[in-house]
Amino acid sequence: MQHWSKRLFATSMKYAWQRKHALLALLIIGWAVYLRVYLVAQGWPLMDSDEGTMGIMALHIWRGQDFPVFFYGQSYMGALEAYLGAAFFSLFGPTLFALRLGLIFLFALFLLGMYLLVSTIYTRNLAIFVLLLLSLGSASVLTRQLVAVGGIPEMLVCATGLLWVSLWLARTYDRSRMLHGWRLLIYALWGVLAGVGFWSHALILPLLGTAGLLLLIFCLRELIWGGAVALVVGLGFGLLPYIFYNYHANPGQDTLSYLFYVQSANGVDLPPKGVLFPLQIKGTFLTSLPGATGSFPLCSLADTHLLRTENLHGLRCTLMQSGWSASLCLLWLVSLGMGIWAIYRLVRGRLAGGTWQREELIRHAGHFALLLNALLTVLPFLLSPNSALFAVADMRYLSALWMTTPALLWPLWCGLERAGWLFSLPPPALSSPSVPTARVQTRLSFLRFSLSVSALARLSLLLLLAAVLCLGTRSVVQGYPPAPSVEQRADAYAIQDVYQYKGVPQVQTFNRQEAELMKDLERIHVTHIYSDYWTCNRLIFKSLEHIICGVMRDRLLVGQNRYPLYYIIVSSDTRAAYVFPENSSQAETFHQQLRFRKKPFKLYHFASYVVYTPLSG
């Protein structure tokens, strides 16, 4: 019995060692899931009204009340997160925690796809390191991963799957064989991923184009002989919700019209081009790019400047965030140069009479696809007015850069491998016996020294990057340093619009205040209220529609009501209360208009809110 136990143990250890990379990947993915579940269980990040809208959608689906195709009020972001939220509502009840579990599930799939993708294009060692970096993150990165505002997590899952499936089809392609039925299913799967990804968010278009280009280059014969048909069928199936909605959409409310409206910032007064372009550069490289890729700590928008400095703190902030962006751009250029040189060597070998090294060619094509994805993500964002006007709010549109992480790290990682720091290299052969041995040994010693110095510098940069992300994650849990202050209390919940990512302790304080506000409203029997945009849908979801809210913007005009029925209900109730954050423009306007109103109102102060209730119906 003891003999069999030892043999079983030895066999298990051998099996584990042979699959050590896969086991490490699973451990890291498990750690990433645990971290995010812990944060969500603590109520982090702070919920905003956009996420409240997603929660309302999930609530309607769970109840069988409505089955939306797109995010309420925005006909270009798919509702997949709402359907996942409704599924978790069935298991855990309609809570914010259950809503965010769908995002964690999608992120775990994204990490799994990244491991497969990086292992295919580069090495398994790099795949493990990339997973470790992606499992961490500063507050700005983790917030984008855990706030259910639609589009980004599911788009990343589909984009990663698309590129990996394209590379797999290219690697297993055989001209001597006919197209088999199971490969037709893989082409159909490619189409489904493309369709679901585009329905979720149009940000997938750069990756969709590069993944499709890989198929055209390496699998053209299969596409002609039936692969394209299977792909189109799968694409149609994945786009069914998109097609159904746009077929019935009114003119101007279709997806393409809305995308054009968002990209061109219609309805917003734009400064002259000579003023706008420097603001676009500042917004992209001093705000959006550092925030979207995990730079820590982040300075407030007022502390970063493009061509001027006001004080030492502003200079430090500008240098830190511009240096982060400049480093990313430099790594991109070096990685591009390495890819071009590798392709040049392959072509030179082919022209010299050799054969195409198909496997290497496919790997380098995947490398170029990731680099092209970064370029096609940043460039449209830079040229859009939104990069100048809404640099923080639209930072999420750069989330596709997470996929380019291995391509940016490859120049640093490759130097470690050349130095033999990641695996043992064979000793170099002495091809010229006529050269004195001492001279050869001297040159080899100098070469080893140079490689060691270079490898040490590269390793230091990689460890510095990991340390920055670790500190960013630690700051989220401990709430240090505190988030930059904002002028108006009303902005506290607008996490999509201002640089004020709070840690767990600060968010829990806001959550307690919000719970007190809802209890106080229930105590005075208020169920229909008018409030600002960043309050309404948040309270509606957290109260499970026991509180119905109509949005009012500045000067108490009708605001953006993503679900119009709510405003109709509130406006038909003559006893609806007015609930505004203290010192907000709406609160000040209402106070000024009190003397002109026919009804008397009673004033309450609840949890940093002012509440006006009519005394007579």
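This write-up is about the structure you can find in this document. What you are looking at is a predicted structure, and each value in this text was computed from that prediction instead of being measured.

Some points on the state of the cysteines
Okay, so step 1: Counting across every chain of the model gives one disulfide.
Okay, so step 2: Cys536 shares a disulfide with Cys549; S-S distance 1.9 Å. Across the disulfide from Cys536 to Cys549, rotation about the S-S bond amounts to roughly -50 degrees, and the bridge is consequently left-handed. Placement of the pair is Cys536 in helix 21 (residues 533-542) and Cys549 in strand 2 (residues 548-551), with a sequence separation of 13 residues. Across the pair, Cys549 and Cys536 agree in class, each one buried.

Looking at the pattern of salt bridges
Okay, so step 1: Enumeration according to the criterion identifies nine salt bridges in this entry.
Okay, so step 2: The shortest N-O distance in the salt bridge between Asp50 and Arg562 comes to 3.7 Å. Of this pair, Asp50 sits in helix 3 (residues 49-63) while Arg562 is found in the loop between strand 2 and helix 22 (564-571), placing the two residues 512 residues apart along the sequence.
Okay, so step 3: The class of Asp50 is buried, set by a relative accessible area of 13%.
Okay, so step 4: Overall, the relative accessible area of 9% leaves Arg562 in the buried class.
Okay, so step 5: Residues Glu51 and Arg100 are paired through a salt bridge, measuring 2.7 Å at the closest nitrogen-oxygen approach. Taken together, the positions of Glu51 in helix 3 and Arg100 in helix 5 (residues 96-121) put the pair 49 residues apart, joining distant regions of the chain.

Focus: the side chain of Gln145
Okay, so step 1: Among the structural elements, Gln145 can be located in helix 7 (residues 139-146).
Okay, so step 2: For Gln145, the residues in contact, after removing those within four places along its chain, are Arg36, Leu103, Phe107, Leu134 and Trp402.

Quick word on the environment of Ile186
Okay, so step 1: Mapped onto the fold, Ile186 is located in helix 9 (residues 181-200).
Okay, so step 2: In this structure Ile186 comes out as partly exposed when scored by relative accessible area, which is 21%.
Okay, so step 3: When the C-alpha atoms of Ile186 and Val165 are compared, they prove to be 7.7 Å apart, with 21 residues separating the residues in sequence.
Okay, so step 4: Setting aside residues up to four positions removed in sequence, Ile186 forms contacts with Val165, Trp168 and Leu169.

So, how was this worked out
Residues numbered from 1 in each chain as written. Predicted model: local features only at pLDDT ≥ 70, side-chain atom pairs only at ≥ 80, totals over all residues. Heavy atoms only, no water. Disulfide = S-S within 2.5 Å. Helix = DSSP H or I, 4+ residues; strand = E, 2+ residues; numbered from the N terminus. Buried < 20%, exposed > 50% of the residue type's maximum accessible area, 1.4 Å probe, protein only. Salt bridge = Lys/Arg side-chain N within 4 Å of Asp/Glu carboxyl O. Contact = heavy atoms within 4.5 Å.

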